[in-house]
Amino acid sequence: MGCFFRLYYPCHPSEIREEPLWMPRYEYCCGLAGYVNLNIGWCAPILSMTFGSYRVPVCWNAAVKQDDKFPLIIFSHGLGAFRTVYSAVCMEMASWGFLVAAVEHRDQSACMTYYFKPKSEHEQQNENTTPETTSSQYQLQEEWLPFRKLKEGEKEFRLRNPQVHQRANECVRALKLLKEINSGKSVDNVLHKDLDLSMLKGRIDFNNVAVMGHSFGAATAILAQKKHDDFKCAVALDAWMFPLENQLYHKFIKPIFFINSERFQTAENVIKIKRLCSTNKQIKIITILGSVHQSQTDFTFLTGHVLSRIFQTKGTIDPYVALEINTRAALAFLKRHLDLKEDFGQWDALVEGHGEHIIPDTPFQICSL
């Protein structure tokens, strides 16, 4: 069974660098159009024109920075998203010394994803190949998985609950795969043969592992830390608690940090979070005032005035300020529960719901629940 994620890691700066496209493939435009219930025929080309040329400001396949071991974060995306939608958050965390694995889930909660399956003998015999085609490429073909919508009359919990368990298991699978890479075991990477995974041998600190996610991904992170002991704590960005079964609440005993937006949280969702607090005293909760659900995604930076109004991707808070609050608060929380050498405790006031002085000359408001 495969594992699909994008890695963000500290690297040495380079004047010559390749920056990857933010939208990995045109199929993801089709997936986004379908997810928001718009006609794929006209919406996907518009999305491609809007987002297709954007590039992520990182060094693609660069050499790993040769410093100490990296603490690890497994990141889970939200409903209808995919592995690159949280590049800003993942890049920020990597810039502070973390290795971040942004999982793309294959439970059909991503707007679109794909995997490779073996080709039949007939397909192999009829395919035109080149001398450069590798044996693994010759024997495999892409299989695309679109977003799975609710069927008429279907109860949403019966769909989302199995999905959140599959997602959590995929986070654990990513963790285990990285352990194999860290040990020096050869891992077959069918996507990018030019990425030297051996450079990560012995470089990952598995004594300092956290799991993080947004919305559906936040619920995934909460569940994943229960499923594997290596996850020391979880950071839940604007958590959607609905997919988690009530019977598990008393089993979530590890530290959790909820960073909520002002506009997304419903009374029902807040009640679920408070219920979790009643059995877990290691929970911290803050709300960033002026933020919306998409303030923790890349869409808040990439959409213009019209799209931001249609899809509510921007709040009243400056997107860059919101990103800085999110990452600094998360880093301060991780400092409390992981053995990190950096002085992230300087931002500890954010975890308690105050600390407006922490980002000079930048007005913002946060509060604790």
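Model, not experiment: these values are computed from the prediction.

### Quick word on the overall build of the protein chain
Step number 1: Assigned secondary structure in the protein chain consists of twelve helices and ten strands.
Step number 2: For the protein chain, the C-alpha radius of gyration of 20 Å lies close to 21 Å, the compact-globule estimate for 369 residues.
Step number 3: Referenced to the eigenvectors of the C-alpha coordinate spread, the extents of the protein chain come out at roughly 65 × 50 × 45 Å.
Step number 4: For the protein chain, the residues scored as buried account for 52% of the 369 residues in total.
Step number 5: Residue pairs at least 24 apart in sequence account for 73% of intrachain contacts in the protein chain once pairs closer than 6 positions are excluded.
Step number 6: Distance between charge centroids for the protein chain: 6 Å, based on 41 positive and 40 negative side chains.

### Some points on the nonpolar core
Step number 1: Trp22, Phe75, Met93, Phe98, Ile259 and Leu334 are the most contacted members of the largest nonpolar core, which totals 63 residues.
Step number 2: A total of ten residues in this core trace back to one element, the largest contributor, which is helix 11 (residues 319-337).
Step number 3: Ignoring anything within four residues of it in the chain, the contact list for Leu334 reads Ile73, Met93, Phe98, Ala210, Cys233, Val235 and Leu340.
Step number 4: Leu7, Val103, Ile204 and Phe252 belong to the second largest nonpolar core, which has 50 residues in total.

### Observations concerning helix 3 (residues 87-95)
Helical geometry note: an α-helix holds 3.6 residues per turn, so side chains three or four residues apart project in the same direction.
Step number 1: Regarding helix 3, the residues found buried are Ser87, Ala88, Val89, Cys90, Met93 and Ala94.
Step number 2: On its buried face, helix 3 sits against strand 1 (5-8), strand 2 (70-76), strand 3 (99-103), strand 6 (204-214), helix 9 (299-302) and helix 11.
Step number 3: Count one or two residues on from helix 3 and you reach Gly97, which has phi positive near 105°.

### Quick look at the environment of Thr327
Step number 1: With respect to the secondary-structure elements, Thr327 resides in helix 11.
Step number 2: One polar contact links the side chain of Thr327 to the main-chain carbonyl oxygen of Glu324, over a distance of 3.2 Å.

### Brief notes about the side chain of Asn208
Step number 1: Position of Asn208 among the secondary structure elements: in strand 6.
Step number 2: With sequence-adjacent residues up to four places away left out, Asn208 is seen in contact with Pro71, Leu72, Leu338 and Asp339.

Conventions we followed
Residues numbered from 1 in each chain as written. Predicted model: local features only at pLDDT ≥ 70, side-chain atom pairs only at ≥ 80, totals over all residues. Heavy atoms only, no water. Helix = DSSP H or I, 4+ residues; strand = E, 2+ residues; numbered from the N terminus. Rg over C-alpha atoms; globule rule 2.2 N^0.38 Å. Buried < 20%, exposed > 50% of the residue type's maximum accessible area, 1.4 Å probe, protein only. Contact = heavy atoms within 4.5 Å. Lys, Arg positive; Asp, Glu negative; His and termini not counted. Charge placed at Lys NZ, Arg CZ, Asp CG, Glu CD. Core = buried A, V, L, I, M, F, W, Y, C linked by side-chain atoms within 4.5 Å. Polar contact = N/O pair within 3.5 Å; in protein donor to acceptor, adjacent residues only side chain to side chain.

Honestly, that's just the spatial picture; any functional story needs more than this.
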